[in-house]
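# Secondary and tertiary structure notes
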Amino acid sequence: MGELLSQLWSPEMQMALTGVVVLLVVLYVLSIVWVVRDAYMRGVTWWVWGIVALVPILGIIAYCMLRPPMMKIDRDEQNLEVELKKRQLMHYGECATCGYPVEADYVLCPNCHTQLKNMCARCKKALEPMWTVCPFCATPVSGGGRQQRSKASGGSRGARASQSTQRSASSSSARSGSASASRGGATTAMPRSSSRSTEERASRS
């Protein structure tokens, strides 16, 4: 038995076994380094996962199952893309007439041709309907703010018209009352004059 073991434990077998052990140690160290580096790039606590990776085979398996799905750089790029999309969507709106999506610098709705904004005659920039001066070139806007003024004047005119109609109605009712009173007085005066005339005729006869 000893002779068989001595024959199997040859120098060639010793070298082969030493090479396998060294290879396993190198793979073990590389696995720990990979776990620490990958955890750092994914933005997690790399030293905790480095301690977990010290457990052979089970540590690296646990890290591969529980690690974040994306790298930190990829997450940052994704967040930047989301923010960029949000800012791009802020430049869009909807037409108040037809609901068609329009950009912030649209003057007319491309769907229903409703005028959304005014246009500066000098710099050709889109302006809000209530602006009276172009903020880009300081040019006075002709017709700027007329909509609000027209609404305000229309409201005051409506109030004045209602007040005038109420006044006319009250004056007409007063006039009709005075006319009816005068008519009633005239009708009561006529019988009295007729009775006086009959009495004078009777005294003369």
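These notes cover the structure that comes with them. On a predicted model such as this, the values are computed, not experimentally measured, just so you know.

## Here's the deal with helix H2 (residues 11–41)
With 31 residues, H2 should reach 45 Å at 1.5 Å per residue; the first-to-last C-alpha distance of 45 Å fits that figure. Within H2, burial applies to Ser31, Ile32, Val35, Asp38 and Ala39. Its buried side turned inward, H2 meets helix H3 (46–52) and helix H4 (58–66).

## A closer look at the packing of aromatic side chains
What describes a pair of aromatic rings is the distance from one ring centre to the other and the angle between the planes of the rings. Here the structure, examined in full by the defined rule, presents 2 aromatic pairs. Measuring from ring centre to ring centre gives 5.8 Å for tryptophan 34 and tyrosine 63, while their planes differ by 85°; the resulting arrangement is edge-to-face. Note that tryptophan 34 is positioned in helix H2 and tyrosine 63 in helix H4, a separation of 29 residues in sequence. Residue tryptophan 34 is classed as partly exposed on the basis of its relative accessible area, which comes to 35%. With a relative accessible area of 0%, tyrosine 63 lands in the buried category.

## A word on the side chain of arginine 42
Relative to the elements of secondary structure, arginine 42 occurs in the loop between H2 and H3. A polar side-chain atom of arginine 42 sits 3.5 Å from the main-chain carbonyl oxygen of proline 69. Leave out the neighbours within four places in its chain, and arginine 42 touches Tyr63, Arg67, Pro68, Pro69, Met70, Met71, Lys72 and Arg75.

## Side note on unusual backbone geometry
Even without a glycine there, the phi angle at isoleucine 57 is positive, about 65°. Tracing the chain through its elements places isoleucine 57 in the loop between H3 and H4. For isoleucine 57, a relative accessible area of 63% puts it in the exposed group.

Reading the values: the criteria
- Residues numbered from 1 in each chain as written.
- Predicted model: local features only at pLDDT ≥ 70, side-chain atom pairs only at ≥ 80, totals over all residues.
- Heavy atoms only, no water.
- Helix = DSSP H or I, 4+ residues; strand = E, 2+ residues; numbered from the N terminus.
- Expected span 1.5 Å × (residues − 1).
- Buried < 20%, exposed > 50% of the residue type's maximum accessible area, 1.4 Å probe, protein only.
- Contact = heavy atoms within 4.5 Å.
- Phe/Tyr/Trp six-rings, centres within 6.5 Å; stacked < 30°, edge-to-face > 60°.
- Polar contact = N/O pair within 3.5 Å; in protein donor to acceptor, adjacent residues only side chain to side chain.

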